[in-house]
Amino acid sequence: MGICDGILTSAVQAATESGASRIERIEVSIGELTEVMDDALRFAFEALKEGTMAEGAELVVHYVEARSQCTECGAVFRHDRFDPKCPECGSYVITLVQGRELRIDAIDVE
Ligand SMILES: [Zn+2]
């Protein structure tokens, strides 16, 4: 589970740099289009955090819905992975506004 490994590694690194001894909570934002599965992410987190300074940490995940802007009419709309079509004018010429993010929002340490 590379994504979870990356989150955990970054969190531990940031916590270490700030002189913390323990991570209590990690908050992340994950876009719908990243295809990260919630169950798989949590399972990996539970397994990977063992033996690290994040061993007792809670993982809080904020999912970011997919939104795009139509380049034809300018409408911003929510859509799923399979139907990125403008509901206003029917165009498929769109620019993704959000939905692919994968970032750590906050790390609570002790
Ligand atoms: Zn449109």
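Our subject is the structure that appears above.
Here the structure is a predicted model, which is why all the values come from computation and not from measurement. (Residues numbered from 1 in each chain as written. Predicted model: local features only at pLDDT ≥ 70, side-chain atom pairs only at ≥ 80, totals over all residues. Heavy atoms only, no water.)

**Some words on the packing of helix H1 (residues 2–17) against helix H2 (residues 38–49)**
Line of reasoning, step 1. At their nearest, the axes of H1 and H2 sit 9 Å apart, and the two run at 50° to each other. By the angle class used here, H1 and H2 are oblique. Regarding H1 and H2, the two cross each other, and that crossing is right-handed. For the pair H1 and H2, the contacting residues are Ile3, Cys4, Asp5, Ile7 and Leu8 in the first and Leu41, Ala44, Phe45, Leu48 and Lys49 in the second.
Line of reasoning, step 2. A breakdown of the residues in the contact of H1 with H2 according to their chemical character gives eight nonpolar, no polar and two charged. (Axes fitted to C-alpha atoms, helices over the stretch in contact; angles between N-to-C directions. Helix = DSSP H or I, 4+ residues; strand = E, 2+ residues; numbered from the N terminus. Parallel < 35°, antiparallel > 145°, perpendicular 65-115°, else oblique. Left-handed = near helix turned anticlockwise from the far one by under 90°. Contact = heavy atoms within 4.5 Å. Nonpolar A, V, L, I, M, F, W, Y, C, P; charged D, E, K, R; others polar.)

**Looking at the coordination of the zinc ion**
Line of reasoning, step 1. Every protein donor of the zinc ion is accounted for by Cys70 (SG), Cys73 (SG), Cys86 (SG) and Cys89 (SG), and the metal-donor separations fall at 2.3 Å.
Line of reasoning, step 2. Here the zinc ion is ringed by four donor atoms whose angles at the metal span 105 to 117°, and the overall shape comes out tetrahedral.
Line of reasoning, step 3. Here the donor residues of the zinc ion are spaced in sequence according to C-x2-C-x12-C-x2-C. Linking Cys70 in strand S3 (residues 67–70) with Cys86 in the loop between strand S4 (76–78) and strand S5 (94–98), this pair joins segments that are 16 residues apart in sequence.
Line of reasoning, step 4. Overall, the relative accessible area of 2% leaves Cys86 in the buried class. (Donors = N, O, S within 2.8 Å, 3.2 Å for Na, K, Ca; no water. Tetrahedral: all angles 85-135°; square planar, octahedral: opposite > 155°, others 65-115°. Buried < 20%, exposed > 50% of the residue type's maximum accessible area, 1.4 Å probe, protein only.)

**A short note on the side chain of Ser91**
Line of reasoning, step 1. For Ser91, the position within the fold is in the loop between S4 and S5.
Line of reasoning, step 2. In this structure Ser91 comes out as buried when scored by relative accessible area, which is 10%.
Line of reasoning, step 3. There is a polar contact of 2.9 Å between the side chain of Ser91 and the backbone nitrogen of Val93.
Line of reasoning, step 4. Beyond its immediate sequence surroundings of up to four residues, Ser91 is in contact with Cys70, Glu72, Pro84, Lys85 and Cys86. (Polar contact = N/O pair within 3.5 Å; in protein donor to acceptor, adjacent residues only side chain to side chain.)

**Remarks on the nonpolar core**
Line of reasoning, step 1. One finds Ile23, Ile26, Val28, Leu41, Phe45 and Leu59 to be the most contacted residues of the largest nonpolar core, which totals 19 residues.
Line of reasoning, step 2. Residue assignment for this core shows that the elements contributing at least two residues are H1, strand S1 (23–31), H2 and strand S2 (58–64). (Core = buried A, V, L, I, M, F, W, Y, C linked by side-chain atoms within 4.5 Å.)

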